[in-house]
Structure formats: structure tokens, C-alpha cells
Amino acid sequence: MKHFLSMKDVSEYEIQQLVKRTEDMMLGRKEMVHPTTPVFVANLFFEPSTRTKMSFTIAEQRLGLKPLDFQPEVSSVQKGETVYDTAKTLEAIGASLLVIRHPEDHVVQQVASKMSIPVINAGDGTGEHPTQSLLDLVTIYQEFRRFHGLKVAIVGDVKHSRVARSNAYALSTLGAKVYFSSKPEWQDQTLDFPYLDIDEVVETCDVVMLLRIQHERHDQRQSFEQTEYLLNYGLTVEREKRMKPHAIILHPAPVNRGVEIDDCLVECERSRIFKQMTNGVYARMAVMSNLLEDWGIHNEYQASEREALQPQ
Amino acid sequence: MKHFLSMKDVSEYEIQQLVKRTEDMMLGRKEMVHPTTPVFVANLFFEPSTRTKMSFTIAEQRLGLKPLDFQPEVSSVQKGETVYDTAKTLEAIGASLLVIRHPEDHVVQQVASKMSIPVINAGDGTGEHPTQSLLDLVTIYQEFRRFHGLKVAIVGDVKHSRVARSNAYALSTLGAKVYFSSKPEWQDQTLDFPYLDIDEVVETCDVVMLLRIQHERHDQRQSFEQTEYLLNYGLTVEREKRMKPHAIILHPAPVNRGVEIDDCLVECERSRIFKQMTNGVYARMAVMSNLLEDWGIHNEYQASEREALQPQ
Amino acid sequence: MKHFLSMKDVSEYEIQQLVKRTEDMMLGRKEMVHPTTPVFVANLFFEPSTRTKMSFTIAEQRLGLKPLDFQPEVSSVQKGETVYDTAKTLEAIGASLLVIRHPEDHVVQQVASKMSIPVINAGDGTGEHPTQSLLDLVTIYQEFRRFHGLKVAIVGDVKHSRVARSNAYALSTLGAKVYFSSKPEWQDQTLDFPYLDIDEVVETCDVVMLLRIQHERHDQRQSFEQTEYLLNYGLTVEREKRMKPHAIILHPAPVNRGVEIDDCLVECERSRIFKQMTNGVYARMAVMSNLLEDWGIHNEYQASEREALQPQ
């Protein structure tokens, strides 16, 4: 891979390789050769983030890489050129990899096209969020060991969700059946997937992936009764009981407890919400190690091979 | 120890062991085995801090641990649940230890009770600040090599001070005689220690521990003449002259120079204010290494033992 | 060197040694002995900075040092004493070197005079910015392999520029001919260098060093037509064409594209703007390693010597 920007760009084979590499990371089956001179990764988050940034930071250090924590003032980064100049600066002062989040769609992709180092999209506007998608895929694969034929519902504010978009692309590529479920004004007619009612979703799907209601992305803050939303469109205790025995619950977090999902379901037996976070670190390790390997910046090898090379 | 939350929880023996371990750290008599895979410590400061956070950050790195610097936006962390979700997230993505500061009393304790990793209270509201207390104890012990029978005065805004609370508990446990000195409206009637006038304090006590006036904790900012406060309740040059020959001055810092203490006394011969800061790093190393050891996460050993193990 | 505060303090020989050391760092001809116990460098930026701070952070890690990222709240650091207390605190908790930026002139120098560890001035008000100057010198030396007799123009808001000041001192010391070019109200009559018109500058000078228009330093924001400024005082495409064949363009960045310089010239063939950033990391490595060596804190040695010491 050259960059990791969109789940539209990656083939079924590539996704499967990334899922496999993530599991290898988890099991310690692959190890990075920790570099003798520091290899820097710049985390450029032009939008507030704690979870994703922290996850990348940990993943970087687990790979023996040095995170650079760039904290832009929102005021100085309005224009596309400024993002470019910032990225180019980080490249000039020694970053080997850029992780970029930006509030505008496509900005990350534009910047990446002009860089001489690999770039990871850590979320662009309502565009894509491919590493979140990868960790969702890994969590699904852990459960079912396959994607083909699985019924996956993506539930909530589809229109404003980069997570929905990336997952819909990737899951289709992998042969899963993707459904959306959303209140009418949050449906996205540019994406060609069927919409189901939440009550149908819970009875038919293997995976119920809830989306966070992103108040910050709505031009006008829709005033809605939170309880009413939960009852009409969210995952209530009553609905959870109607889910298929093996079905699981996903949510990219942070959760609005009592809005998308009933408070007491966040850590219920079907919930994989905290598991997703754990998987996220390994998924990001897989993506970064893959990019650095493909660019010849930093190599890894099989732990088992290493052992074989030890003197006997 | 399971967590390190309150000086009320720790026995005399445990405090003595922590003081001893702090001195071992200082003298390089104990060393951590630097872990081969990174061990992460999340510093969750839900209240502004530079000094304590920096002290923990250094202590972590001296132990070979990796600090994770979490910067919450104050706006998003009003509710107890959010703190819990944040802490749980950090646990899920790989933190082995949490250091938490929070503006509300008891929140840290509530969160700790639900975690599967050790938690250190780095200050909860007007509750407690046990690592600050430990460093104060170490500084006192360095001077007097005992606690029993020592007269220690805690002077200032007792009511709003978590430092006062933690120290009063710990010093009583250790057999020291604790006095408070405070203007009437800052006295805390829930704590059963005698109040002395500042003029009596300076002539009778071995340790004069000044508290910082925490303007940010007063619901209504009491407008007071700073010089007047110093003259009536603070440590003036004149009062310092009446202190016992061996008596020392402590202050948790940052100092409001000219308010709690005369500007020119901050670095006077009796002052241990900067020494306290130096000790703070070692005290935090002691607490963290103790917790990680007790949880079996990370071990240390005697430097002397290590030498004995070297081939001869 | 004791500290690195001003280009006025350093002799021609010392500058030449620093330039040489920077090139050694670049070529890997010098290496630090990575310390076995962590050596901390505190980066105290009392003024927003991303570029310089990031550059120091990378340089520190390349030298095997541990950066401490101090983030002052602007509100709490108005008074000189507070800066002193902060610096003294960092010293007390274990920093071996301080890198300080401050919005007021001379504050860094005042603090340095009271510290027991080396201090680097990373920019004080409109005073000096000696590490920026060193990286500019290195970039010039890379091009011309000499300073003597070179004609260097410093163009823009001279009056408010610490970069202009440090470079004017250093280049004079090195025997270069320094010219300023500025609109009348931004001339600085306290500095004794001739002013040239921008049209004369481009035709006669070997180095055209543009300054950033620092809106934040102007008491009243001069409302000026940006295009008009570029046409009258900036580097247009037309002027670039009249530059001498070998002449180069420098700019300390961030660039106000289309104001000091035409957008399309930022990455033109003569531009060394991103090269300057790359050089900045090595220049800062040179300064820090020099100071730590001179204070006996941390030593380095020739890579070639090390090889000679290997068993054969």
C-alpha cells in the first residue's frame, strides 16, 4: 500500500491480509525490529480527538516508533494550504509517516497526494475513517471467522458518519450484506444500501453496529428528546432481547449512553465495545507496519523465524 | 496495595515502607527491570496541572514506563460516567496504571472501584492528594529521621485543601502531633485537630507546612488584601526569625509569593520547597513501582542483588 | 558555552564550530552516547509554537534525550517571577536542560542567569532567536561554503523580528555584508545596517532572507492590502527572475503565502525553505550536545573513534 486513505481503495485480498496481520500483532506472532535510530510518526489531529489519537500513540510505541504530538490551533488551520504546509513541515523535520485527521472531507487525500511519505487517514470530515473500519472488521472476524453472507446493520446517523461509509465499502467488498437503519433525515441517498427498521434489524442481523450521534456535525443542532430517540431508533433493552443468540453489538465510541444504546447494554454480554478499542491498537499497528514495510522504511519479521535463526 | 487513593487507607507500616522505598529510589538502591515490551501509564488530569503531571511523567520514564498524556476538554468531562468511560477506554487500549486528577471529591475512588488495573489519586477536589503527602513525609523524614512526637503545623486554607487532609491523616498515623492554623472561615470543623495562632505555630513547631491559597476553589472569590493576609496569617520574615533553630518550611507549590509566605523566604535556608519537588519524583516512583509489583505487572529488584548475580 | 541565548555572545570561532558540528550531525559523523538513565530536556514554550517546539522535540529524541512538554496557560505566566518559578521547578524535578520561549524580551536571559543547568533561548519577544539563526547559517554555508563577503538581505518586518536581529549579529561576526529591506514603519533604527529597496536587493544579493509578517506582534493590526504589500515589498515572480543565478531564498516559516512571497515561489528551485526546517533539527542537536558536553552532563564521541575501539 502507498497510503491508507479509504476503504474503497483496498481489495478484498488486501483487507484480509490486514485482518490477518492484526491478529498476528495481537498474538505476538509478528514483531517489529525496533529501529536503532528513531523513526518518527506525526499525529496531526486538526479536530479534537482523544481516543483515536491515544490508540495511534500506543500502537506507534508498541512498534518501537516515536510519536510526535502535533496540536494545531483550530484558528490557524482553516485553509487547505495550511494543512499542506504543516504536513510538509513535519516531513521536512523528519517524520516517516503522517497520521492525519481533518474536519473537511478529502483534505487528507489531497495532502497525501503531494507527500513523499505514507499517510494514514484518521478521519476526514464525513468522508472516511478506514482504521476504525479495520478494527470493526477484526472484531467481527474474531467472532464469526468469516465475512461472506454475514448480515451487518449500521444504525444511526449514516449521513454524517465516516465510520458508516468506510464500513459499508469494506463489508461489501468482503461479501457481507450491509443494511442501514436511520431516522429519515439522516439517511444517505448517495450510498446504495437498503434501509431497515431497527425492529427488523435486531431480529435479522448478526452484527448491530451503532453509530455515535455526532452533534458537532449537524449544522443546526436538532433538538430531540433523547429518550424518544432511543425508543424509536436506538438499541433498548427490549430490542436487545430479540437479537439472534450469537449476534453482537458494536459502537465506535464514545457512546452517548441512553441515546444510541441503553446505558446498561454498553457492557452487556453481546457488547464488543471495549473489545473494539483493544483491537484498534493492533489494527493500527498492522496498518502502520504494512505501510512502513512497503515503503522500505522499517521492517518486521516473523518471531518464529527469528527463533529459528538463534544459535543452537 | 491495590490502589493509592487516600492516606486514610494506609497503615503506619505501609507508609514507612513507602518512605523507605522512596529513599531507595533516590539512592539508586532499587532499580526497575526496564520492560522489554512497553508498559503504559495513563495520566488523566481532568483539572489543569503542570507540576504534578510533569512529576509523574518524569517518574514514569525513570521507571522505564511510557506515559500517555490524556488532555481532556473540560467541557466533555462533567459527568461521573464520562470519567468512567474514559478510564475504561484507557484500560482497554492498553494502560497498565491510571493516574487520575479530578475536580470533584471521591470521583477517583469511584472510578478505581470499577477498574481492573491500579489507580493513583493525583488529587480529587478538596478530598485527598496522597502522593503529595508522601513527598512531604519523605522531606520531613530526611530532616528528622522520625515522625513520632514531631510537631507539624498545617497553615492556611485548610478547608479547601486536599493536601492538608492527606497530611493530617498520615502524620497522625505516624504519631506526629498535627496542628492547623487558619483564618476562621477556612477552618474545617470535620477534622479533629487543634487550631493554633500563626504566632504560636512558628515558636513551637518543627515543621511549618504552608498551603497554597486556591482561589479557584472558592465559590466567591474573597477579596482580601494580600499584604494584610500575609501579616495576619502568613509566614513573614519577622515570624521566620522566631522559628526553632532546626525547624523547616514546606509548601506544596506553586507559591503565591508575598501571600502565604514572604517572597524572600521561598528559597531561604529553612525552606525545603524545591527539595519537596525533587523528592516528589522519587515518591511517585516508589508508589508506582509498589503498585505494579503488587499487581504482578512489572517487577523490580535490588541493585545489589543484581550485582551479586553477575558472573565473577 | 554556558547557555545559548544570543548571537551577540558567540564568537566567529564558536559559530564556525557550531556550523561544523551541525554538519557532523547531519552526516552521522558524530554520535551521542545514549544515556542509560534518562536525561530530560524541558521545553518551556510560553508562546504558541508548533514548528520550533517540534524541531527541538525531534532533535532531543535523536540525541537520546527525553523531552518534557510543558504547556503553560498563558494566564498564569504574566510575571517574570512565575517564569522563574516554573524554570526552577523543572530544574528541581530533574530537567538537565531548559529550552525557553517567552513573549517578552530578555526574560529568558534573566531566568538563565539564575539557573544551575544550561538554558537555550528559543525566542524571546522581539529579542533573539539564536537557534533559528544557526540553522539559517548552516543553510547558507551548505550553498556557498563561506560567509565572508556574501551579501545577505533580510527583508520584511525587521523591527519586530528576533530572527532578523540574531542573523544580523551573526552574519556580521562572520564577515558577511548584511542589508535590510523594509517598509519605512518596520525599519529598526537601533540596528546599524543599510536599508535597500527590494528591487535592488534581488539584483545584488546572494541570499534573500524573507521574514514572516508577525501580525501578533503589532500593537494595532495594520490593515494592509496583502497583494499591495507583495507588490511593493515582497518577493514576486518577476523579482525572482532578476535574482543572481546562484542566489537563494530563505524564510523562517510559517510562510504567509502571497504576502511576503508569491505562493508559487515557496517551493521553487532557489527556495531553501523546507531545507531550512530539515537543517533546524541538526542545528538544535549541535547546540544541545555542545551545551551538555560543556556542562559535563552528557558526552558524545566520534563515530569513527568508536569503530576503532571495536575488538578486531
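Residues numbered from 1 in each chain as written. Chains lettered and ligands numbered in written order. Predicted model: local features only at pLDDT ≥ 70, side-chain atom pairs only at ≥ 80, totals over all residues. Heavy atoms only, no water.

## A short note on the overall build of chain A
Alright, step 1. Helix and strand content of chain A: 11 helices and 10 strands.
Alright, step 2. Counting across all 312 residues of chain A, residues that qualify as buried make up 61%.
Alright, step 3. For chain A, the share of sequence-separated contacts (at least 6 apart) that also reach a separation of at least 24 residues comes to 75%.
Alright, step 4. Surface accessibility of chain A: about 12,500 Å² in total, with carbon and sulfur atoms responsible for 47%. (Helix = DSSP H or I, 4+ residues; strand = E, 2+ residues; numbered from the N terminus. Buried < 20%, exposed > 50% of the residue type's maximum accessible area, 1.4 Å probe, protein only. Contact = heavy atoms within 4.5 Å. Areas by Shrake-Rupley, 256 points an atom, 1.4 Å probe, with all protein chains shown as cover.)

## Concerning the UniProt feature "binding site: carbamoyl phosphate" (unreviewed entry) in chain A
Residue and element names in this part refer to chain A.
Alright, step 1. Per the UniProt record, "binding site: carbamoyl phosphate" (unreviewed entry) is annotated on Arg51, Thr52, Arg101, His129, Gln132, Ala253 and Pro254. Of the residues annotated just before, the largest cavity has Arg51, Ala253 and Pro254 among its lining.
Alright, step 2. Given the relative accessible area of 9%, Thr52 is considered buried.
Alright, step 3. When neighbours within four sequence positions are excluded, Thr52 is seen to be in contact with Phe45, Arg101, Ala122, His129 and Arg284.
Alright, step 4. Mapped onto the fold, Ala253 is located in the loop between β9 (248–250) and α10 (273–294).
Alright, step 5. Contacts of Ala253, omitting those with residues within four sequence positions, involve Arg51, Arg212 and Met277. (UniProt positions renumbered as here; feature names shortened; annotations may be inferred. 1 Å grid on protein atoms, 1.4 Å probe; cavity = no way out; pocket = protein on both sides within 12 Å on 5 of 7 lines; lining within 4 Å.)

## Describing the relation of the copies chain C and chain B
Alright, step 1. Aligned on chain B, chain C shows an RMSD of 0.0 Å; the corresponding rotation is 120° and the shift along the axis is 0.0 Å. Both chain copies can therefore be described as sitting about a three-fold axis. Proximity to the rotation axis, assessed at the C-alpha, singles out Asp69 of chain C in chain C; its C-alpha lies 5.8 Å from the axis.
Alright, step 2. Taken together, the interface assignments show that only 6% of the residues at the interface of chain C recur at the interface of chain B, consistent with different surfaces on the two copies. (Least-squares fit on C-alpha atoms with pLDDT ≥ 70 in both.)

## Observations concerning the pairing of strand β2 (residues 40–45) of chain C
All names here are of chain C.
Alright, step 1. Burial within β2 is extensive, with 6 of its 6 residues counted as buried.
Alright, step 2. Both faces of β2 are covered, namely the face carrying Phe40, Ala42 and Leu44 and the face carrying Val41, Asn43 and Phe45.
Alright, step 3. Sheet topology places β2 next to strand β3 (residues 66–70); 5 bridges connect them, and they run parallel. Bridging from a neighbouring strand, Asn43 pairs with Asp69 of β3.
Alright, step 4. Following the backbone out of β2, through helix α2 (residues 51–62) and into the adjacent parallel β3, one traces a crossover that is right-handed.
Alright, step 5. Sheet topology places β2 next to strand β4 (residues 95–102); 6 bridges connect them, and they run parallel. Looking at β4, one finds that Phe40 is bridged to Ala95. (Pairing = 2+ DSSP bridges. Right-handed = clockwise from strand over helix to strand, strands pointing away.)

## Here we look at the packing of aromatic side chains
Residue and element names in this part refer to chain A.
Alright, step 1. Using the criterion set out here, one finds 18 aromatic pairs over all chains in the structure.
Alright, step 2. On the basis of an interplanar angle of 25° and a centroid distance of 5.5 Å, the ring pair of Tyr141 and Phe147 is categorised as stacked.
Alright, step 3. Overall, Tyr141 belongs to the partly exposed group, its relative accessible area being 23%.
Alright, step 4. Classification of Phe147 as buried rests on a relative accessible area of 7%.
Alright, step 5. With 5.4 Å between their ring centres and 55° between their planes, Phe180 and Tyr195 make a pair best called tilted. In this pair, Phe180 sits in strand β7 (residues 177–181) while Tyr195 sits in the loop between β7 and α7 (198–204), placing the two residues 15 residues apart along the sequence.
Alright, step 6. The class of Tyr195 is partly exposed, set by a relative accessible area of 22%.
Alright, step 7. One aromatic cluster in this structure is built from Phe180, Phe193 and Tyr195.
Alright, step 8. Here Lys114 stacks its cationic end above the ring of Tyr84, 5.1 Å away from the centre of that ring. (Phe/Tyr/Trp six-rings, centres within 6.5 Å; stacked < 30°, edge-to-face > 60°. Lys NZ or Arg CZ within 6 Å of the ring centre and 35° of its normal.)

## Points about the relation of the copies chain C and chain A
Alright, step 1. Of the two same-sequence chains, chain C is brought onto chain A (RMSD 0.0 Å, axial shift 0.0 Å) by a rotation of 120°.
Alright, step 2. Take the interface residues of chain C: only 6% of them recur as interface residues in chain A, which is what a contact between different surfaces looks like.

## Considering the environment of Phe144 of chain B
Residue and element names in this part refer to chain B.
Alright, step 1. Tracing the sequence through the fold places Phe144 in helix α5 (residues 130–144).
Alright, step 2. Under the relative-accessibility criterion, Phe144 is labelled buried at 15%.
Alright, step 3. In this structure the C-alpha to C-alpha distance between Phe144 and Ala247, which are 103 residues apart in sequence, comes to 9.7 Å.
Alright, step 4. Not counting residues within four places of it along the chain, the set of residues in contact with Phe144 comprises Leu150, Asp206, Val207, His246 and Ile248.

## Digging into the interface of chain C and chain B
In many reports, interface size means the accessible area that the parts give up when they come together.
Alright, step 1. The partner chain B presents 16 residues to the 16 residues of chain C that form the contact.
Alright, step 2. Both faces combined, the contact of chain C with chain B buries some 1,600 Å², and carbon together with sulfur accounts for 61% of it.
Alright, step 3. If you look at where chain C meets chain B, you find 1 salt bridge.
Alright, step 4. One salt bridge in this structure joins Asp85 of chain C and Arg257 of chain B, with 2.7 Å as the shortest N-O distance. (Buried area = accessible area lost by both parts, 1.4 Å probe. Salt bridge = Lys/Arg side-chain N within 4 Å of Asp/Glu carboxyl O.)

## Focus on the interface of chain C and chain A
Alright, step 1. Contacts between the two partners involve 16 residues from chain C and, on the opposite side, 16 residues from chain A.
Alright, step 2. Interface area, chain C with chain A, both sides summed: about 1,600 Å², of which 61% is carbon and sulfur.
Alright, step 3. The largest contributions to the chain C side of the interface with chain A come from Met54, Ile58 and Gln61 of chain C, which together make up 33% of the buried area.
Alright, step 4. The tally of links between chain C and chain A comes to 1 salt bridge.
Alright, step 5. In this assembly, chain C and chain A are joined by 4 residue pairs in polar contact (both at pLDDT 80 or more).
Alright, step 6. Within the residue set of the side of chain C that touches chain A, elements represented by two or more residues are α2 and α10 (273–294) of chain C.
Alright, step 7. Ranked by the residues each element gives to the side of chain C that touches chain A, the list is headed by α2 of chain C, at 7 residues. (Polar contact = N/O pair within 3.5 Å; in protein donor to acceptor, adjacent residues only side chain to side chain.)

## Overview of α5 of chain B
Residue and element names in this part refer to chain B.
Alright, step 1. Here α5 contains 15 residues, and its C-alpha end-to-end distance of 21 Å stays within 8% of the 21 Å for a straight helix at 1.5 Å per residue.
Alright, step 2. Along α5, the positions that sit buried rather than exposed are Pro130, Thr131, Gln132, Ser133, Leu134, Leu135, Asp136, Leu137, Val138, Thr139, Ile140 and Phe144.
Alright, step 3. Arg145 occupies a position one or two residues after α5 and carries a positive phi of about 55°. (Expected span 1.5 Å × (residues − 1).)

## Things to note about the sheet that holds strand β4 (residues 95–102) of chain A
Within a sheet, adjacent strands bond to each other through the backbone by hydrogen bonds, running parallel or antiparallel.
All names here are of chain A.
Alright, step 1. Strand order in the open sheet formed by 4 strands is β3-β2-β4-β5, and the pairing between neighbours is parallel. Of all strands in the sheet, those bounded by a partner on one side alone are β3 (66–70) and β5 (119–124). Averaged over all neighbouring strand pairs, the angle between strand axes comes to 20°, with direction disregarded. (Axes fitted to C-alpha atoms, helices over the stretch in contact; angles between N-to-C directions.)

## Considerations on the sheet that holds β2 of chain C
Alright, step 1. One open sheet holds the 4 strands; their spatial order is β3-β2-β4-β5 (chain C), and the pairing between them is parallel. Strands with a single pairing partner mark the edges of an open sheet, and in this sheet they are β3 and β5 (119–124) of chain C. Along the sheet, successive strands turn relative to each other by an average axial angle of 20°, direction set aside.
Alright, step 2. Sheet analysis places β4 of chain C next to β5 of chain C, joined by 4 bridges and oriented parallel. From the neighbouring strand, Leu98 of chain C faces β5 of chain C, where its bridge partner is Val119 of chain C.
Alright, step 3. Packed on one face of the sheet, helix α2 (residues 51–62) of chain B meets β2 and β3 of chain C and runs near 165° to β3 of chain C.

## A look at empty space enclosed by the protein
Alright, step 1. Here the structure, examined in full by the defined rule, presents 2 cavities of 30 Å³ or more.
Alright, step 2. In terms of residue count, α10 of chain A provides more of the lining of the largest cavity than any other element does, 3 residues in total.
Alright, step 3. The calculated volume of the second largest cavity comes to roughly 40 Å³.
Alright, step 4. Around the second largest cavity, the lining residues are Asp85 and Thr89 of chain A together with Arg51, Ala253, Pro254, Val255, Val266, Ile273, Phe274 and Met277 of chain C.
Alright, step 5. Breaking the lining of the second largest cavity down by element, the ones donating at least two residues are α3 (80–92) of chain A together with α10 of chain C. (Points joined across faces, edges and corners; volume = space filled by probe spheres on them.)

## Observations regarding the environment of Thr36 of chain C
Residue and element names in this part refer to chain C.
Alright, step 1. The residue Thr36 is located in the loop between β1 (30–32) and β2 in this model.
Alright, step 2. Classification of Thr36 as exposed rests on a relative accessible area of 76%.
Alright, step 3. Sequence-wise, Thr36 and Gly64 are 28 residues apart; in three dimensions their C-alpha atoms are separated by 9.5 Å.

## Some points on the packing of helix α5 (residues 130–144) of chain C against α10 of chain C
Residues and elements named next belong to chain C.
Alright, step 1. It is at 8 Å that the axes of α5 and α10 come closest, and there the two elements cross at 115°. Like other packed secondary-structure pairs, α5 and α10 cross with a definite hand, here right-handed. Counting all contacts with α5, which are made through Thr131, Gln132, Leu134, Leu135, Asp136, Val138, Thr139 and Gln142, the residues of α10 involved are Lys275, Gln276, Asn279, Gly280, Ala283, Arg284 and Val287.
Alright, step 2. Grouping the constituent residues of the contact of α5 with α10 by class yields 5 nonpolar, 7 polar and 3 charged. (Left-handed = near helix turned anticlockwise from the far one by under 90°. Nonpolar A, V, L, I, M, F, W, Y, C, P; charged D, E, K, R; others polar.)

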